[in-house]
Amino acid sequence: MPSSDDEPVSRGEQIDAAEREEAKRRLLAQASAERISAEETTRAVPDRRWRGES
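Residues numbered from 1 in each chain as written. Predicted model: local features only at pLDDT ≥ 70, side-chain atom pairs only at ≥ 80, totals over all residues. Heavy atoms only, no water.

Trainee: Sorry if this is basic, but what is going on with the overall build of the chain here?
Mentor: Of the regular secondary structure elements, the chain holds two helices and zero strands. Put simply, the chain has 54 residues, and 2% of those count as buried. As displayed, the chain offers around 5,700 Å² of accessible surface, 52% of which is attributable to carbon and sulfur atoms. (Helix = DSSP H or I, 4+ residues; strand = E, 2+ residues; numbered from the N terminus. Buried < 20%, exposed > 50% of the residue type's maximum accessible area, 1.4 Å probe, protein only. Areas by Shrake-Rupley, 256 points an atom, 1.4 Å probe, with all protein chains shown as cover.)

Pasting the structure below:
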């Protein structure tokens, strides 16, 4: 895809680029919102299976 700063970019390409950037921002925001902190994933939780409590 040859392009340089001197070549005019079509309106369609500008719209496509803007849509891609917006989609990327939405995905990053969603991933950040769903992220689980390391402290929560590494916290010890008692395992009741081995204590005979079924």
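Trainee: Help me out: how do you make sense of the pattern of salt bridges in this one?
Mentor: For side chains bearing opposite charge, pairing can occur when the charged atoms are close. Tallying each qualifying case throughout the model produces three salt bridges. With a shortest N-O distance of 3.4 Å, Glu-21 and Lys-24 are connected by a salt bridge. Taken together, the positions of Glu-21 and Lys-24, both in helix H1 (residues 11-34) and three residues apart, correspond to about one turn of that helix. Accessibility expressed as a relative area gives 43% for Lys-24, which makes it partly exposed. (Salt bridge = Lys/Arg side-chain N within 4 Å of Asp/Glu carboxyl O.)

Keep in mind these values describe shape, not function.
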